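What follows is the residue order along each chain.
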Amino acid sequence: MEKLCRFGTNRVIEPKGVLPQAATKIDNTMIVKDNEILIDVITLNIDSASFTQIKQACNKDVNKMEEMILDIVNTRGKMQNPVTGSGGMLIGVVKEVGSAYPVSTVQAGDKIATLVSLSLTPLKIDKIHSINITNDQVHISGQAILFETGIFAKVPEDMDEHLVLAALDVAGAPAQVDKLVKEGDSVVIIGAAGKSGVLCAYQAMKNAGPNGTVIGVVNEEWQVQLLQDLRLCHSVVLADATNALEVYDKVLAVNGEQVDVTINVVNVQNTEMSCILVTKDTGIVYFFSMATSFTKAALGAEGVGSDVTMIIGNGYTKGHAELTLNLVNNAPKIKALFEQKYT
Ligand code: NAP
């Protein structure tokens, strides 16, 4: 009898011996093993860095994007963008629970959001019904498999499923902000008007409190207005995050000095140095962006003599789903923004 692996390595086809995320091809046969869950997928939320790359490569042509997504999934057995390496997550309805699956609270018929990346989730797409070019969501008919170690959240019955999908895609970000930002801290959020940006800004304002400062960095005029209307930052700086000196000059003009904590939630490359330059030597940079380069960050910090602590944006931290859904439910303006964009 096949010995089942909790991490899903039984499904790795190439190269043998690696975990599913590192594999270039995994087995997406939709027959559930004893320690897996089979899901009928409703919608994929493609990670923003990946979706942006696909959109650019296809010149925003939705038919070409559809072809590219199908090609990736057919080749790899999972939705892992070969350029960014990233995935996203999905919502769907549980079709079957394997006999040895360890979580007893899930059963066929439950609507769930997966909290592990699509870059390791076996996926088969029968049909793409539509691609929403403005919010990274792809509505499909298809199936997916969740491994024994694959975490998930049940979609609350009183919340719209696509809003939940959007919020949980980036649940790690505000939850990490909650861990990193202390009372009185100065904080910069790079990409503050994006999906994770607004959630992080809200959490940072809450944690930093009345003696703290939260500065949003955005690249379009309307985003300045949006953040001001939502009262999500004390100041908003209009700057291109790929231009480190511009960001540095403008943040220092507002804050007078470098900040304690910087959160990177953009979806484009070459923003490492903006974050490092605006952060104190003793401070922390949290790189949630999937377009972050370890090499650029490490060598760049060394190059400017910065002893800053840099944290890789683990998408998971304990309680992240609950914190994020509570945040959305307790912040009516953010909820309204998400409803407008994602439902
Ligand atoms: P999003 O909603 O697309 O937000 C990204 C924001 O960055 C947008 O407001 C965008 O503005 C802004 N931006 C782009 N280029 C910029 C520039 N040059 N200067 C300043 N701002 C710029 O993305 P998201 O869903 O919040 O995701 C944010 C990042 O987290 C992505 O890289 C995503 O891949 C990553 N992510 C990581 C994890 C994890 O586990 N670590 C999980 C999910 C997502 P425009 O709209 O004007 O371009």
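Attention in this report is confined to the structure presented alongside it. Computed from a prediction, not measured in an experiment: that's the story for all the values here. Numbers given to residues run from 1 along each chain, matching the order in which its sequence is written. Where local features are concerned, this predicted model is filtered to residues with pLDDT of at least 70; where side-chain atom pairs are given and counted, the filter is 80 or more; whole-chain, interface and lining totals use all residues. Hydrogens and water are ignored here; the side-chain numbers use all heavy atoms of the structure.

**Comments concerning the nonpolar core**
What makes a nonpolar core is a set of buried Ala, Val, Leu, Ile, Met, Phe, Trp, Tyr and Cys residues whose side-chain atoms join them at distances within 4.5 Å. Relative accessibility under 20% of the residue-type maximum defines a buried residue, over 50% an exposed one, and the middle range a partly exposed one, all with a 1.4 Å probe and only protein chains included. Within the largest apolar cluster, 51 residues are counted, with the highest numbers of intra-cluster contacts made by Leu168, Val187, Ile189, Leu227, Ile263 and Phe338. Ranked by size, the runner-up nonpolar core spans 29 residues in total, among them Ile46, Ile69, Ile125 and Phe152.

**Notes on the site of the ligand**
Here a residue is near a molecule or strand as soon as one of its heavy atoms is found within 4 Å of it. Among the 25 residues in the neighbourhood of the ligand, the closest are listed as Asp47, Ser196, Glu220, Val266 and Gly313. What qualifies as a polar contact is a pair of N or O atoms within 3.5 Å, subject to a donor-acceptor requirement within protein and to the restriction that residues adjacent in sequence count only when both atoms come from side chains. At 2.9 Å, a backbone N or O of Ala241 approaches a nitrogen atom of the ligand. A distance of 3.2 Å separates a nitrogen atom of the ligand from a polar atom in the backbone of Phe288.

**Some remarks on the sheet that holds strand 9 (residues 186-190)**
The criterion for strand pairing is that DSSP finds at least two bridges linking the strands in question. A run of DSSP states H or I qualifies as a helix once it reaches four residues; a run of E qualifies as a strand once it reaches two. Both are numbered from the N-terminal end. Read across the sheet, 6 strands follow the order 11-10-9-12-13-14 without closing on themselves; strand pairing throughout is parallel. Two strands lie at the open edges of the sheet, namely strand 11 (235-238) and strand 14 (309-312), each paired on one side alone. Strand after strand, the sheet turns through a mean of 20° between neighbouring axes, direction not considered. As judged from the 5 bridges shared by strand 12 (residues 259-264) and strand 13 (residues 279-287), these two strands associate in the parallel manner. Across the sheet, Ile263 pairs through a bridge with Tyr286, a residue of strand 13. Here a residue-residue contact requires only that any non-hydrogen atoms of the pair lie within 4.5 Å. The axes are straight lines fitted to the C-alpha atoms, using for helices just the contacting stretch, and the angles between their N-to-C directions are given from 0 to 180°. This element, helix 5 (residues 195-208), spans strand 9, strand 10 (213-218) and strand 12 of the sheet and lies at about 175° to strand 9. In the packing of helix 7 (residues 244-255) onto the sheet, contacts are made with strand 9, strand 10, strand 11 and strand 12, and the angle to strand 10 comes to roughly 150°.

**Digging into the packing of helix 3 (residues 161-169) against helix 10 (residues 320-330)**
Relative orientation of the contacting elements helix 3 and helix 10 amounts to 125°, with a least axis distance of 9 Å. Comparing their axes, helix 10 and helix 3 come out oblique. The crossing of helix 3 and helix 10 is right-handed. On the side of helix 3, the interface is formed by Leu163, Val164, Ala167 and Leu168, while helix 10 contributes Ala321, Thr324, Leu325 and Val328. Across the contact of helix 3 with helix 10, the residue classes tally to 7 nonpolar, 1 polar and no charged. Here the word oblique covers every angle except those under 35 degrees (roughly parallel), over 145 (roughly antiparallel) and from 65 to 115 (roughly perpendicular). Crossing handedness follows the turn of the near helix against the far one: under a right angle anticlockwise gives a left-handed crossing, and clockwise gives a right-handed one. Side-chain classes follow a simple rule in which Ala, Val, Leu, Ile, Met, Phe, Trp, Tyr, Cys and Pro form the nonpolar group, Asp, Glu, Lys and Arg form the charged group, and the remainder, Gly included, forms the polar group.

**Things to note about the environment of Ala301**
Among the secondary structure elements, Ala301 is positioned in helix 9 (residues 294-303). Residues Ala301 and Thr324 lie 23 residues apart in sequence; the distance between their C-alpha atoms is 31 Å. Discounting chain neighbours no more than four positions away, the residues touching Ala301 are Met273, Ile276, Lys296, Ser306, Val308 and Met310.

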